[in-house]
Amino acid sequence: MPKKTIPKMIQTVIFDMDGVIVDTEPVHHYAYFQHFTELNIDVTPEMFTTFMGFSTRNTFQKLKELFSIDQDVEDLIQRKRAIFNDAFDNKEDLTLLDGVEKLIKDLHANGIELIVASSASKVTIDRVFKRFGLHQYFSHIVSGEDFPNSKPHPAIFEFAADISISPKENCIVIEDSTNGVLAAKAAGIFCIGYNSEHSERQDLSKADIVVNHFDELDYRKVVQIN
């Protein structure tokens, strides 16, 4: 087994958003499949799983390669986003994932820098952060829409580490998807895989450690990872 890269002193925690902070995946799933029906394309659940961690732009770029879709990528993005926003605004039971708010507050109170690096658009991240009052805890918000390649490409995490207060070896990433874990490891960053009930069909085996609940993490445990 190859030797794992262990950070020396954790100063920055980089969170994915969907499936880690909040589970908007069912809303995204609904919006995508409503749109697929409108487009009259047959996207199987197995195919859709391979897009986890992709930005909306990269998802539609890939779908245009696989299916005969006449609309421009920009038009496809805007239509899917409109369906998502309507569903998001009307979903009263949307909540933060169990234990993550306590972890965020604990890390922040103890001086750990928090960054979100999500494949979601800036508009969607801002929508989630405003709804749950999260802006006060995070120093930076990094959106996948600013990068030509989605996870598992490491660009988003490399950028997040570059703008952090820490050298890369003192950052960790928390991810719940196959592509997210691969992106973190390709960036050379220690990765905690979050194996939640929403991580079905996701392979977290390349993560350095895997947790099943955020109760397994707090400031003391994070800084003692090494």
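Please refer to the structure placed before this passage.
Here's what I pulled together on the structure shown here. Since the structure is predicted, the reported quantities are computational estimates derived from the model, not experimental observations.

1. Topic: the pattern of salt bridges
Here's step 1: As enumerated under the stated definition, the model contains 11 salt bridges in all.
Here's step 2: The shortest N-O distance in the salt bridge between Glu-175 and Lys-151 comes to 2.7 Å. Taken together, the residues Glu-175 in strand β4 (residues 171-175) and Lys-151 in the loop between β3 (140-143) and α7 (155-163) connect sequence positions 24 residues apart. Assigned by exposure class, Glu-175 and Lys-151 land together as buried.
Here's step 3: The partner of Asp-208 in a salt bridge is Lys-185, with the nearest N and O atoms 2.7 Å apart. Taken together, the residues Asp-208 in the loop between β5 (190-194) and β6 (209-211) and Lys-185 in helix α8 (residues 178-186) connect sequence positions 23 residues apart.
Here's step 4: Residue Asp-208 is classed as buried on the basis of its relative accessible area, which comes to 7%.

2. Looking at the sheet that holds β5
Here's step 1: Taken in spatial order, the six strands make up an open sheet running β3-β2-β1-β4-β5-β6, and their pairing is parallel. Each edge of the sheet is formed by a strand with only one pairing partner; in this case those strands are β3 and β6. Strand-to-strand twist in this sheet, taken as the mean axis angle between neighbours without regard to direction, amounts to 25 degrees.
Here's step 2: Here strand β2 (residues 113-118) runs beside β3; their pairing, made up of four bridges, is parallel. Residue pairing across strands places Ile-115 opposite His-140, the latter belonging to β3.
Here's step 3: Contacting β2 and β3, helix α6 (residues 122-132) crosses the sheet at an angle of about 140 degrees to β3.
Here's step 4: Relative to β5, α8 is tilted by about 170 degrees, and along the sheet it contacts β4 and β5.

3. Quick word on helix α1 (residues 25-39)
Here's step 1: Helix length check: α1 (15 residues) gives 20 Å between terminal C-alpha atoms against 21 Å at 1.5 Å per residue, within 8%.
Here's step 2: Where α1 is concerned, the buried positions are Val-27, His-28, Ala-31, Tyr-32, His-35, Phe-36 and Leu-39.
Here's step 3: If you follow the buried residues of α1, they end up packed against α2 (45-49), α3 (56-66), α4 (73-89) and α6.
Here's step 4: Immediately downstream of α1, the backbone of Asn-40 shows phi near 60 degrees, a positive value.

Analysis parameters
- In this numbering scheme, every chain counts its residues from 1 along its sequence in written order.
- Where totals are concerned, whole chains, interfaces and linings use all residues; where local detail is concerned, this predicted model gives features only for residues with pLDDT of at least 70, and gives and counts side-chain atom pairs only at 80 or more.
- Heavy atoms from the whole structure form the basis of all side-chain values; hydrogens and water molecules are not counted.
- Any Lys or Arg side-chain nitrogen found within 4 Å of a carboxyl oxygen on Asp or Glu counts as a salt bridge.
- Put simply, DSSP H or I for four residues or longer makes a helix, DSSP E for two residues or longer makes a strand, and each gets a number counted from the N terminus.
- Categorising residues by exposure relies on relative accessible area from a 1.4 Å probe, with only protein chains included: less than 20% of the type maximum marks a residue as buried, more than 50% marks it as exposed, and the intermediate range marks it as partly exposed.
- Here the rule is simple: two strands pair whenever DSSP picks up at least two bridges between them.
- Note on geometry: axes are C-alpha line fits, over the in-contact stretch for helices, and angles between N-to-C directions span 0 to 180 degrees.
- We call two residues in contact when some of their heavy atoms are within 4.5 Å.
- Residue count minus one, scaled by 1.5 Å, sets the expected span of a helix.

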